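Residues per chain are reported as follows:
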Amino acid sequence: MQTSDVLIVGGGSAGLTLALLLATGEHSQKLKITLLEQGPAPEPTAPQLQRVSALNQASKRLLTALGVWQGLTANPAYQQMDVWEADSFARIQFDAHSQNETELGWIVDNQQLCQQLYQRLKQYPQVQCLFGCSIQQINAGDEQNLVTLSDGTVLLAKLLVGADGAESKVRQSQQMPLAFWDYDHHALVAVIKTQQPHGQCARQVFLPTGPLALLPLSEPHLCSIVWSTSPEHAAQLLAIEEQQFNQALTAATQSALGVLQVQSARQKYPLKMRYATQWQQQQVVLVADAAHTIHPLAGQGMNLGLMDVAALAELINQQMAKNLPWVSQRMLRQYERWRKAEAQQLIAAMELFKRGFSLPSPLAKLVRAVGMKSTNQLPFLKQKIMAAALGNSGDLPLLARPVPVKD
Ligand SMILES: Cc1cc2nc3c(=O)[nH]c(=O)nc-3n(C[C@H](O)[C@H](O)[C@H](O)COP(=O)(O)OP(=O)(O)OC[C@H]3O[C@@H](n4cnc5c(N)ncnc54)[C@H](O)[C@@H]3O)c2cc1C
């Protein structure tokens, strides 16, 4: 039997970041941590760019504090955003300069982020990472949690963290209730080459079938696309020849960057809203996609998950600083209240966007066009929207807060 204080199930961005936060926390570094991942260890390779995420300033501050950001090579910044509707005059544009910022966000390779986190984690002997593991059984208790692996290994830990993604086994094994609905969209993801340079601008066009995002990569003519559309349309886009796909993509973007050519495999992901109505019970707690998944149209899912783990690590450190038990029902409930409030706001905002843009009537189009045009001309409102998207507002964990400007 192997014993630790914290057992983290899931070695994605959230699980690895939590392990590193605990290993480096002023007080929590005394804790013994085990991280359990079903896949292989993320070993260094060149960024594949197959899955990338737009990260905001809050995530950058957190990952910088952990010494991870500095090692990410494929994280080009974008200074502008251009969002428009394909068949109306609705358009809104943001630029870093008018927000008194130098960047609006960064495109980070998911795989490279996990590799960097793991490389850092290896420096901490109090963290044990187990890869290629399959869980057979989870027994949660008031004092200890017991996890049995398929090879018979038994792991015992005081706190069990479910960082095991959307289909979380931890959440399911504890029968923590889940609210969900289908966005009726599949997201098609690929790397594409653009005829015109992207100019460090993140673009998103709202089509009648759903949003299509073009995220600028390091090379001036390379973008990552996230094309959210009906499941039938996504299946068609996957099945057609490359040349036909290029034509469909170029047409869908209204040739905003000229002729587009796909450069990688096309992959699709079904999109669902998931929200666990309970994030903790006994000494089990959920973080990130295990607790919530949202539509990728605003590129906020990973940002939200990283803030979850920063909040949890901060509360554990606070307890230890006060010489209180480092894990308690009260503290886990405090974490749940804090992070649920943030997740609920984003879920509601995504729903508003998704539903708002799927209404096809001419009146709805007119309302959207007028709304976006007016917002575009109101610097104060734009500033508010951007502050939220940049991760500069809201109830942020300490490590992710903007540094106050001195008078
Ligand atoms: C198309 C698309 C585009 C997106 N774009 C953005 C974006 O631009 N910006 C953004 O902020 N977010 C974005 N997101 C959301 C983001 O990808 C997720 O929120 C984030 O990756 C979730 O991280 P996680 O660590 O919680 O889960 P995951 O990345 O799913 O990691 C979970 C880990 O747990 C492991 N695991 C699962 N079950 C077990 C088990 N039983 N035992 C052991 N290990 C297990 C898995 O192997 C995996 O490694 C996007 C999502 C999609 C689908």
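Residues numbered from 1 in each chain as written. Predicted model: local features only at pLDDT ≥ 70, side-chain atom pairs only at ≥ 80, totals over all residues. Heavy atoms only, no water.

Draft legend 1. Layout of the domain arrangement of the protein chain. Split into domains, the protein chain comes out as domain 1 (2-76 + 110-180 + 272-400) and domain 2 (182-270). On a C-alpha basis, the centroid separation for the pair domain 1 and domain 2 is 27 Å. Of the residues lining the interface, 18 residues belong to domain 1; the matching set on domain 2 comes to 20 residues. Both faces combined, the contact of domain 1 with domain 2 buries some 1,800 Å², and carbon together with sulfur accounts for 62% of it. When the buried surface of domain 1 facing domain 2 is broken down by residue, Gln 50, Lys 272 and His 295 rank first, second and third, together holding 31% of it. Linking domain 1 with domain 2 are 0 salt bridges. Run the count over domain 1 and domain 2 and you get 4 residue pairs in polar contact (both at pLDDT 80 or more). Counting only elements with at least two residues in the side of domain 1 that touches domain 2, the list comes to strand E17 (267-276) and helix H8 (329-358). (Domains from an automatic or database assignment. Contact = heavy atoms within 4.5 Å. Buried area = accessible area lost by both parts, 1.4 Å probe. Salt bridge = Lys/Arg side-chain N within 4 Å of Asp/Glu carboxyl O. Polar contact = N/O pair within 3.5 Å; in protein donor to acceptor, adjacent residues only side chain to side chain. Helix = DSSP H or I, 4+ residues; strand = E, 2+ residues; numbered from the N terminus.)

Draft legend 2. Looking closely at the site of the ligand. Taken together, 26 residues lie around the ligand, and Glu 37, Arg 51, Ala 54, Asp 289 and Met 302 are the ones closest in. One nitrogen or oxygen atom from the main chain of Ala 54 is found 2.7 Å from an oxygen atom belonging to the ligand. Here the ligand loses 83% of its free accessible area of 1,000 Å² to cover by the protein chains. Those elements that provide at least two residues to the shell around the ligand are helix H1 (13-24), strand E3 (52-55), strand E12 (178-194) and helix H7 (301-321). Looking at the shell around the ligand, the element that brings in the most residues is H7, giving 3 residues. For the shell around the ligand, the class distribution of residues is 10 nonpolar, 11 polar and 5 charged. (Near = heavy atom within 4 Å. Areas by Shrake-Rupley, 256 points an atom, 1.4 Å probe, with all protein chains shown as cover. Nonpolar A, V, L, I, M, F, W, Y, C, P; charged D, E, K, R; others polar.)

Draft legend 3. View of unusual backbone geometry. In this model, Gln 175 sits at a positive phi of 50°, which is unusual for a non-glycine residue. Considering the arrangement of structural elements, one finds Gln 175 in the loop between helix H4 (169-173) and E12.

Draft legend 4. Looking closely at the packing of aromatic side chains. In this structure the tally under the stated criterion is 5 aromatic pairs. Between the aromatic rings of Trp 69 and Trp 106, the centroid separation amounts to 5.6 Å while the plane-to-plane angle is 85°, which identifies the pairing as edge-to-face. Of this pair, Trp 69 sits in the loop between helix H2 (57-65) and strand E4 (77-78) while Trp 106 is found in strand E7 (residues 105-109), placing the two residues 37 residues apart along the sequence. By relative accessible area, Trp 69 is classed as buried at 8%. We classify Trp 106 as buried; its relative accessible area is 5%. Taking 6.0 Å as the distance between ring centres and 50° as the angle between the ring planes, the aromatic pair formed by Trp 227 and Phe 245 counts as tilted. Placement of Trp 227 in strand E15 (residues 222-229) and of Phe 245 in helix H6 (residues 242-252) is noted, with a sequence separation of 18 residues between them. We note that Trp 227, like Phe 245, is buried. Among the aromatic residues, those joined into a ring-pair cluster are Tyr 275, Trp 279 and Tyr 335. If you follow Arg 51 out to its NZ or CZ, it ends over the ring of Tyr 269, 4.5 Å from the centre. (Phe/Tyr/Trp six-rings, centres within 6.5 Å; stacked < 30°, edge-to-face > 60°. Buried < 20%, exposed > 50% of the residue type's maximum accessible area, 1.4 Å probe, protein only. Lys NZ or Arg CZ within 6 Å of the ring centre and 35° of its normal.)

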